[in-house]
Amino acid sequence: MIKRIVLLCLIGTLWSCGSTKDSANAGLKNEILDNLVAQKSFLIESEWAQPMNTNAINSVAGSGLLLPGNSGSNISLIGNPNYLKVEGDTITAYLPFFGERQLTGGFSDSNAIEFKGIPDKLKISKNSKKNTYTLLFSIKERTEVYQVTIMLFNNLTSHIHINSSQRNFIRYIGKVSELPKEDVSLEGL
């Protein structure tokens, strides 16, 4: 009986040490996220695209054109180049688009969502209870206008929601990190 009580106390002590480590790790991630947003300097790389589920998307998914593990409403982007960068007041994005276009965007060699510039009406808000940030803005690239909502979570994950003037809604799920340091070459010195 005494051995069981000692064993339970030991397990309880080890368990509480693990939760202290987890809360310390969460606190560090909160601090990292706070710094990235305060400096307006971060990179989001998406791992999943979630297009609006329509009959056309379901037809593509049912035809076997998507790789295993993908569905019409959840497409893996791992291995596909994509990003959304915030550098001061400038936001740049290259996000592969899966879904339906309502209007053609003219003659272009890319079907991705691409923009670069200073967004209109950028609003950044923090939910202190959940330690999350929401960025809302609109940005125009050529003839297309994007309404973008970015949610940054305290575990350094992100959701990007994009409504377009010419395409159906799409969401991207990924990870947020610091911008990579630029390589400084010694050539020319």
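As shown above, the structure is provided for reference.
Residues numbered from 1 in each chain as written. Predicted model: local features only at pLDDT ≥ 70, side-chain atom pairs only at ≥ 80, totals over all residues. Heavy atoms only, no water.

**Student:** Any chance you could explain the environment of S41 here in plain terms?
**Tutor:** Residue placement: S41 occurs in strand 1 (residues 41–51). Leave out the neighbours within four places in its chain, and S41 touches L36, V86 and L179. (Helix = DSSP H or I, 4+ residues; strand = E, 2+ residues; numbered from the N terminus. Contact = heavy atoms within 4.5 Å.)

**Student:** What is the right way to look at the pattern of salt bridges in this model?
**Tutor:** Any two side chains of opposite charge can pair, so long as their charged atoms come close to each other. A complete count under the given rule lists five salt bridges for this structure. With a closest N to O distance of 2.7 Å, E144 and R167 form a salt bridge. A residue pair is termed long-range when its members are at least 10 positions apart, and E144 in strand 8 (residues 144–152) and R167 in the loop between strand 9 (157–164) and strand 10 (170–177) qualify at 23 residues. A salt bridge links K181 to E178; its shortest N-O distance comes to 3.5 Å. The exposure class assigned to E178 is exposed, which follows from its relative accessible area of 51%. (Salt bridge = Lys/Arg side-chain N within 4 Å of Asp/Glu carboxyl O. Buried < 20%, exposed > 50% of the residue type's maximum accessible area, 1.4 Å probe, protein only.)

**Student:** Could you clarify how one ought to interpret the environment of A112 in this entry?
**Tutor:** With respect to the helices and strands, the residue A112 is situated in the loop between strand 4 (90–95) and strand 5 (113–117). Residue classification places A112 among the buried residues on the basis of a relative accessible area of 8%. With 14 residues separating them along the chain, A112 and F98 place their C-alpha atoms 8.3 Å apart.

**Student:** Explain the packing of aromatic side chains to me, please; I cannot follow it from the model alone.
**Tutor:** Geometrically, a pair of aromatic rings is defined through the distance of the ring centres and the angle of the planes. On inspection of all chains with the given rule, the structure shows two aromatic pairs. Geometrically, the ring pair formed by F115 and F137 is edge-to-face, given 6.4 Å between the ring centres and 75° between the ring planes. One end of the pair, F115, is in strand 5; the other, F137, is in strand 7 (residues 132–141), and 22 residues separate them in sequence. What makes F115 buried here is its relative accessible area of 2%. Seen from their ring centres, F115 and Y146 are 5.4 Å apart, and the 40° between their planes marks the pair as tilted. In this pair, F115 is assigned in strand 5 and Y146 in strand 8, connecting sequence segments 31 residues apart. Here the aromatic cluster, defined as three or more aromatic residues joined through ring pairs, consists of F115, F137 and Y146. When the ring centre of Y83 is taken as reference, the NZ or CZ atom of K85 above it lies at 5.3 Å. One residue, R167, lies across the ring of F97, its end atom 5.0 Å from the ring centre. (Phe/Tyr/Trp six-rings, centres within 6.5 Å; stacked < 30°, edge-to-face > 60°. Lys NZ or Arg CZ within 6 Å of the ring centre and 35° of its normal.)

**Student:** Help me understand the nonpolar core, please; the structure alone is not making it clear to me.
**Tutor:** As a rule of thumb, nonpolar side chains are buried together in soluble globular proteins. Ranked by size, the top nonpolar core spans 29 residues in total, and within it L84, I113, F115, I150, L152, I162 and Y172 carry the most contacts. Here I150 is in contact with I44, L84, Y133, T134, L135, F137, H159 and I160, once residues within four sequence places are set aside. (Core = buried A, V, L, I, M, F, W, Y, C linked by side-chain atoms within 4.5 Å.)

By themselves these figures say nothing about function.
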